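Here are the chains, one letter per residue:
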Amino acid sequence: MAVHRPDYYRWDQWIFLELYDRGLAYKRNSAVNWCPQDQTVLANEQVVDGACERCGAVVEKRDLDQWFFKITDYAQRLLDDLDGLDSWPDRVRTMQRNWIGRSEGCTFTMQVAGTGHSFDVYTTRPDTVFGMTFAVLAPEHPLVPELIAGSPAEDETRRYMAAAASASEVERQAEGEKSGVFTGSYAVNPVNGREVPIWIADYVLMGYGTGAIMAVPGQDQRDWDFATRYAIDIIRTVEPPDGFDGEAYTGPGPAINSGFLDGMEVDEAKAAAIAWFEEQGVGSGAVNFRLRDWLISRQRYWGCPIPMVTCPVDGLVPVPREDLPVIHPDVEDYAPAGRSPLAAVESFVNVECPRCGGPATRETDTMDTFVDSSWYFLRYCDPHNDEEIFEREKVDYWMPVDQYIGGVEHAVLHLLYARFITKFLHDIGLVSTEEPFSALFTQGMLVKDGAKMSKSKGNVVPPDPYYERYGADAIRLFELFMGPPTDDAIWSDNGVEGTSRFLDRVWRMATRAVGTIVDRLPTDADGEVLAEAHRALEHVTADIDRFSFNTAVAHLMTFANTLQAALRDGLAEETFTTSIRMMLLMLSPMAPHMSHELWETLGFGSMLAVEPWPTFDRELVSHDVVTMVLQVNGKVRDRVEVDADIDDAAAESLALASEKVRSWIDGKTVRKVISRPPNIVNIVVG
Ligand code: ANZ
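(A) Looking closely at the site of the ligand. Near the ligand lie 19 residues; those nearest to it are Ser103, Thr123, Leu205, Tyr208 and Arg290. Contact distances for the ligand include 2.7 Å between an oxygen atom and a side-chain N or O atom of Thr123. A distance of 3.0 Å is found between an oxygen atom of the ligand and a backbone nitrogen or oxygen belonging to Thr124. Calculation on the ligand without its partners gives an accessible area of 640 Å², and the protein chains cover 87% of this total.

Following this line, the structure appears as structure tokens:
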């Protein structure tokens with residue numbers, strides 16, 4: 001299906017306006033992540049270890065007016081509903097949980113001594129409040145200018161604030177030495193009236209909690225580092241175990257030096273402290289999320305224009321629905337320029353205000369492309385609808401997606417945004433489901449020379465020489481065989497040889513270039529070969545269903561061995577034909593070219609692709625099943641059900657394919673495999 005830009009623009013913009021009408025799309029000035037390479041802002045999710053997720057450039061901070069979607073309104077639901085996604089990998093659910101980052105604690109107010117000022121702090125450890133020996137404000141905290149005005153520290157503080165503003169969050173929160181400046185003011189600890197110095201330090205971020213903290217060096221390592229650097233008192237408020245000689249102690253234990261909390265365990269003391277704050281009217285229990293609103297403005301030419309107009313009289317005015325889509329004009333120069341290239345196109349920028357008809361200007365930023373990808377699957381259910389985004393009956397018929405496949409790198413990007421937009425569209429009555437993807441499969445990445453294969457790293461292996469030398473089937477089969485597709489796989493240049501040899505073997509057998517085929521009635525030995533064919537089919541069917549392609553290939557290889565051995569002794573024509581037929585059917589999704597070619601030349605039919613998948617004969621496959629133990633260096637790591645007559649090679653490949661076993665051997669060298677089928681396989685690694 002061709003994607004018509006105006007079509008998806010129209011509905012992207014429509015969703016934007018639906019969000020805007022409900023206060024869920026808004027524009028604000030804030031310190032945002034700036035990619036100097038692409039000359040555009042990025043959402044927090046697009047910053048990985050301080051660098052741009054797309055191009056790897058180190059991200060800077062800039063103060064800009066930008067558009068956000070209020071995904072934080074959905075934080076709790078996005079978190080809660082992860083529990084129901086039990087066909088998603090745990091890893092992805094954990095990544096989303098951590099990204100949403102719910103934390104329970106409390107907020108309380110502190111007075112600035114001798115002034116009318118006060119500020120709120122957020123803490124997850126209210127039980128440690130008696131151990132507060134200083135307080136810290138983020139450099140961007142709105143109280144800072146007032147506190148330092150006229151103080152001897154004013155100049156130094158301003159320099160410090162400027163430096164903090166250009167540092168990234170990652171730099172600011174890095175372990176190690178912390179820096180700060182003393183404001184000259186003191187805050188009053190509400191529990192004991194003690195006055196503690198107020199510092200400004202960049203390890204406290206304005207975007208989290210209240211942008212201000214009570215610092216408890218006895219229990220928090222960051223505060224400890226800071227206190228030791230600036231010779232600030234340290235008071236322990238949780239008794240560390242005997243012999244503890246570390247720095248901040250974050251473990252369990254009874255409260256000490258803590259007035260009415262003394263003797264209580266951490267949880268009890270937390271509750272008691274919160275109750276006290278509430279009684280005194282200075283604070284209350286609070287929940288915080290790490291999740292930030294989704295910054296959707298981009299300064300790129302390519303992208304869907306944000307359908308808003310700014311009027312000197314009416315302020316921000318949405319483009320009327322009937323005027324959608326807003327399409328960007330063709331431009332000569334769409335190179336990144338620090339602002340949207342559309343801003344230079346006067347005919348685009350200057351418009352009439354949709355409300356008062358006076359002169360107004362268009363928004364020239366475009367939307368993050370993740371906006372499109374967070375609802376396209378809904379539109380696929382009704383792609384030609386000109387009247388509305390999609391018909392409810394149609395989306396309800398198809399949605400949710402039964403099986404979604406994608407890379408784990410989207411865990412907190414696409415997969416989070418798509419969940420949010422689906423929930424929003426559910427809330428405004430457009431779709432019944434609240435979750436877009438029932439089951440998720442995340443494939444691993446190919447790794448070469450220690451780095452993930454990618455265009456930007458320049459370490460991609462071009463497949464062309466392999467097509468020339470081994471053919472597309474061999475390389476495809478090798479990729480399936482490399483390991484469980486959920487795991488990263490290390491590329492090896494000569495791995496294709498193995499699967500190529502396997503295909504050659506199948507070719508030689510199928511074309512009768514090897515073995516003896518006799519014109520006789522099937523014997524017991526023939527019956528056994530047939531049973532093996534059905535057993536292979538049973539395994540391959542189950543393996544394909546659960547995306548275990550590497551074991552599917554292993555079972556085909558085992559069956560090829562059986563067939564080859566039987567052909568050496570002579571096989572009845574009928575058994576041979578049935579076996580090859582089944583082999584080709586099983587091989588067809590994995591090595592389609594060769595199997596189609598053989599299918600046709602052997603006269604089985606003209607199109608293998610339209611043949612139904614075969615069903616195995618339960619009677620034939622019935623066999624004794626035993627439990628085989630898989631060990632790594634003599635320790636039991638997994639157990640698998642196997643046929644009682646499994647051979648060495650099959651036992652070994654099953655052992656090497658076990659996910660549990662792999663987690664013990666990955667990155668190590670396999671020195672020896674001791675195979676004692678059907679009871680035990682022991683893998684020796686060093
Ligand atoms: C005092 C304290 C004592 C803290 C202690 C921790 C341990 P999570 O769990 O991530 O929510 N904090 C609060 N706001 C902050 C900000 N804007 N920038 C940097 N740090 C901030 O972390 C909450 C804890 O991180 C809070 O609890 C606060 O330090 C700090 F033994 O308060 B705590």
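The structure having been displayed, the exposition proceeds.
(B) The packing of aromatic side chains, seen in detail. Overall, the coordinates contain 36 aromatic pairs when judged by the stated rule. With centroids separated by 5.3 Å and ring planes inclined at 70°, the aromatic side chains of Phe16 and Trp67 adopt a geometry described as edge-to-face. With Phe16 in helix H1 (residues 5–21) and Trp67 in strand E5 (residues 60–69), this pair connects stretches of sequence that are 51 residues apart. Grouping residues by exposure puts Phe16 and Trp67 together as buried. Each member of the aromatic cluster is reached from another via a ring pair, and the members are Phe16, Tyr20, Trp67, Phe69, Tyr74, Trp294, Phe370, Tyr417 and Phe420. Here Arg290 stacks its cationic end above the ring of Tyr208, 4.1 Å away from the centre of that ring. If you follow Arg362 out to its NZ or CZ, it ends over the ring of Phe348, 5.2 Å from the centre.

(C) Expanded view of the sheet that holds strand E22 (residues 446–448). If you trace the three strands from one edge of the open sheet to the other, you get E23-E22-E24, paired in mixed fashion. Of all the strands in the sheet, just strand E23 (451–452) and strand E24 (489–490) have a single pairing partner and so form its edges. One ladder, built from two bridges, connects E22 with E23; its direction is antiparallel. Considered in E23, the bridge of Lys448 is made with Ala451.

(D) Molecular detail of the pattern of salt bridges. Under the counting rule described, the total for this entry stands at 37 salt bridges. Among the salt bridges present, the one from Asp83 reaches Arg97, with a minimum N-O distance of 3.2 Å. Remark: Arg97 occurs in helix H3 (residues 90–100) and Asp83 occurs in the loop between helix H2 (75–80) and H3; sequence separation between them is 14 residues. You can call Arg97 partly exposed: its relative accessible area is 31%. A salt bridge links Asp638 to Lys660; the nearest nitrogen and oxygen atoms lie 3.8 Å apart. Remark: Lys660 occurs in helix H23 (residues 659–665) and Asp638 occurs in strand E28 (residues 635–643); sequence separation between them is 22 residues. Judged by relative accessible area, Asp638 falls into the buried class, the value being 14%. Connected via shared salt-bridge partners are Arg77, Asp81, Arg419, Lys423, Asp427, Glu434 and Glu435.

(E) Spatial organisation of the nonpolar core. Phe16, Trp294 and Leu425 are the most contacted members of the largest nonpolar core, which totals 71 residues. In terms of residue count, the dominant contributor to this core is helix H13 (residues 414–427) (eight residues). Mapped onto the domain boundaries, this core takes at least three residues apiece from domain 1 (6–70 + 293–370) and domain 2 (74–99 + 375–443). The residues contacting Leu425, other than those within four sequence positions of it, are Ile15, Trp375, Leu378, Phe390, Leu430 and Val431.

Analysis parameters
- Every chain is numbered on its own, with residues counted from 1 as its sequence reads.
- In keeping with the model being predicted, local features are shown solely for residues with a pLDDT of at least 70 and side-chain atom pairs are shown and tallied solely at 80 or more, while totals for entire chains, interfaces and linings include all residues.
- Each side-chain value is derived from all of the structure's non-hydrogen atoms; neither hydrogens nor water enter the calculation.
- When at least one non-hydrogen atom of a residue lies within 4 Å of a molecule or strand, that residue is treated as near it.
- Distance and chemistry together define a polar contact, namely a pair of N or O atoms within 3.5 Å, with one atom able to donate a hydrogen and the other to accept it when in protein, and with adjacent residues in sequence counting only for side-chain atoms on both sides.
- Note on areas: these come from Shrake-Rupley sampling with a 1.4 Å probe, and a residue is covered only by the protein chains present in the view.
- In summary, the pairing rule links any two rings of Phe, Tyr or Trp, Trp by its six-membered ring, whose centres are within 6.5 Å, and it sorts them by plane angle into stacked for under 30 degrees, edge-to-face for over 60 and tilted for everything else.
- Each helix corresponds to a stretch of at least 4 residues labelled H or I by DSSP, and each strand to a stretch of at least 2 residues labelled E; elements are numbered beginning at the N terminus.
- Here the term buried applies to any residue with accessible area under 20% of the maximum for its type, exposed to any over 50%, and partly exposed to those in between, with areas from a 1.4 Å probe on protein chains only.
- When the NZ atom of lysine or the CZ atom of arginine is within 6 Å of a ring's centre and also within 35 degrees of its normal, the charge is said to sit over that ring.
- We call two strands paired when DSSP finds no fewer than two bridges between them.
- Think of a salt bridge as a Lys or Arg side-chain nitrogen and an Asp or Glu carboxyl oxygen that are within 4 Å of each other.
- For this analysis, a nonpolar core means a set of buried residues of the types Ala, Val, Leu, Ile, Met, Phe, Trp, Tyr and Cys, connected via side-chain atoms within 4.5 Å.
- Residue ranges labeled as domains rest on an automatic or database domain assignment.
- Between two residues, a contact is recorded if the distance between any of their heavy atoms is within 4.5 Å.

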